[in-house]
Amino acid sequence: FLGAVAIDALVSILQSAGLELFAGATVTGRADTGAFVGNEGHLAQLVAFAGVVAAILVWRIARADVRILAGSAFVVFAVALVVNRNVTALGTLAAGVGVALVVLEGRRAVLPLAAVLALLAVVVAVAPPLRTRVVTAVASARVGDWDALTTWRLGAWSAAAGMIGERPLVGHGPGTFGAEFMAHRLDAEIRQRRRLVVPLLTSSFGEAHSEYLQAAAE
């Protein structure tokens, strides 16, 4: 698992540096850094989970060669998270490492956990891509622009809610959200008397970005 994700992470880093690989396989998203996965958001989540595993190996395994490999992989994963600017995946990494430390160390995890959080705060502060994302999110929250804060998810969530309202018992069928999104988003705009525009290249969503809403809608 770590080896496969490390290869993806390295390819993603190369893509972020300007080396165009597999551009035809890119699946929407905000950037062409999805490596073999195709979507940089999905890639970032995989990298975050792999980062948790690598951190546990460094923390618990006695063999030096394993710790060196795991530590090297963790550095690659961290760089991949930075270049993909995925704040959610960074939260996944922090939560995963935190839970692992508490399970493995109990009360003794307080200091290591504080060190992990401090390290992540430093990474966000010194990495321009992540710092920009965090600053933008804080600014959106201050002015109450919840659509921008959620990366324009309100349109997707509203469309899913409309689909649920139409067919609350059986849904529209597995895999249909992408086809139903645009019509239901426009219906939601009429109901809410506001625009739910997605200012991205595709301006569309193939998924609701909420497992609960998507499951109920489909």
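Provided above is the structure to which this section pertains.
The paragraphs below set out a description of the structure included in this document. Not measured: the values here are computed from a predicted model.

**What about the overall build of the protein chain?**
For step 1, the next point in the chain: Tallying secondary structure elements over the protein chain gives 10 helices and zero strands in all.
For step 2, the next point in the chain: The order of helices and strands in the protein chain, counted from the N terminus, is α-α-α-α-α-α-α-α-α-α.
For step 3, the next point in the chain: If you sum the accessible surface of the protein chain, you get close to 12300 Å²; carbon and sulfur atoms cover 67% of it.
For step 4, the next point in the chain: Of the charged side chains in the protein chain, 17 are positive and 15 negative; the average position of the first set lies 10 Å away from that of the second.

**Comments concerning the packing of helix H1 (residues 2–16) against helix H2 (residues 40–60)**
For step 1, the next point in the chain: Their axes nearest at 10 Å, the elements H1 and H2 cross at an angle of 125 degrees. In terms of their interaxial angle, H1 and H2 are classed as oblique. Remark: the crossing between H1 and H2 carries left-handed chirality. Contacts from Leu2, Val5, Asp8, Ala9 and Ser12 of H1 reach H2 at Leu43, Leu46, Val47, Ala50, Val53, Ala54 and Leu57.
For step 2, the next point in the chain: Class assignment for the residues of the contact of H1 with H2 results in 10 nonpolar, one polar and one charged.

**Some details on the packing of aromatic side chains**
Where two aromatic rings form a pair, the distance of their centres and the angle of their planes describe that pair.
For step 1, the next point in the chain: Inspection of every chain in the model, using the stated rule, returns two aromatic pairs.
For step 2, the next point in the chain: Centre to centre, the rings of Phe177 and Phe181 are 5.9 Å apart; their planes meet at 40 degrees, and the pair counts as tilted. Pair noted here: Phe177 and Phe181 are both in helix H9 (residues 177–192), with a separation of four residues, about one helical turn. Comparing Phe177 with Phe181 shows no difference in burial state: the two are buried.
For step 3, the next point in the chain: Ring geometry for Phe181 versus Phe205: centroids 5.7 Å apart, planes at 75 degrees, classification edge-to-face. Taken as a pair, Phe181 in helix H9 and Phe205 in the loop between H9 and helix H10 (211–217) lie far apart in primary sequence, 24 residues in all.
For step 4, the next point in the chain: For Phe205, a relative accessible area of 7% gives the class buried.
For step 5, the next point in the chain: Here a set of aromatic residues connected by ring pairs shows up, and it is made of Phe177, Phe181 and Phe205.

**Things to note about the nonpolar core**
For step 1, the next point in the chain: Counting residues in each nonpolar core, the largest one holds 29 residues, and the members touching the most others are Ala9, Val47, Phe77, Leu81, Leu90, Leu93 and Leu130.
For step 2, the next point in the chain: Within the residue set of this core, elements represented by two or more residues are H1, H2, helix H3 (64–84), helix H4 (87–105) and helix H5 (110–126).
For step 3, the next point in the chain: Considering every element that reaches this core, the biggest residue donor is H2, with seven residues.

So, how was this worked out
Residues numbered from 1 in each chain as written. Predicted model: local features only at pLDDT ≥ 70, side-chain atom pairs only at ≥ 80, totals over all residues. Heavy atoms only, no water. Helix = DSSP H or I, 4+ residues; strand = E, 2+ residues; numbered from the N terminus. Areas by Shrake-Rupley, 256 points an atom, 1.4 Å probe, with all protein chains shown as cover. Lys, Arg positive; Asp, Glu negative; His and termini not counted. Charge placed at Lys NZ, Arg CZ, Asp CG, Glu CD. Axes fitted to C-alpha atoms, helices over the stretch in contact; angles between N-to-C directions. Parallel < 35°, antiparallel > 145°, perpendicular 65-115°, else oblique. Left-handed = near helix turned anticlockwise from the far one by under 90°. Contact = heavy atoms within 4.5 Å. Nonpolar A, V, L, I, M, F, W, Y, C, P; charged D, E, K, R; others polar. Phe/Tyr/Trp six-rings, centres within 6.5 Å; stacked < 30°, edge-to-face > 60°. Buried < 20%, exposed > 50% of the residue type's maximum accessible area, 1.4 Å probe, protein only. Core = buried A, V, L, I, M, F, W, Y, C linked by side-chain atoms within 4.5 Å.

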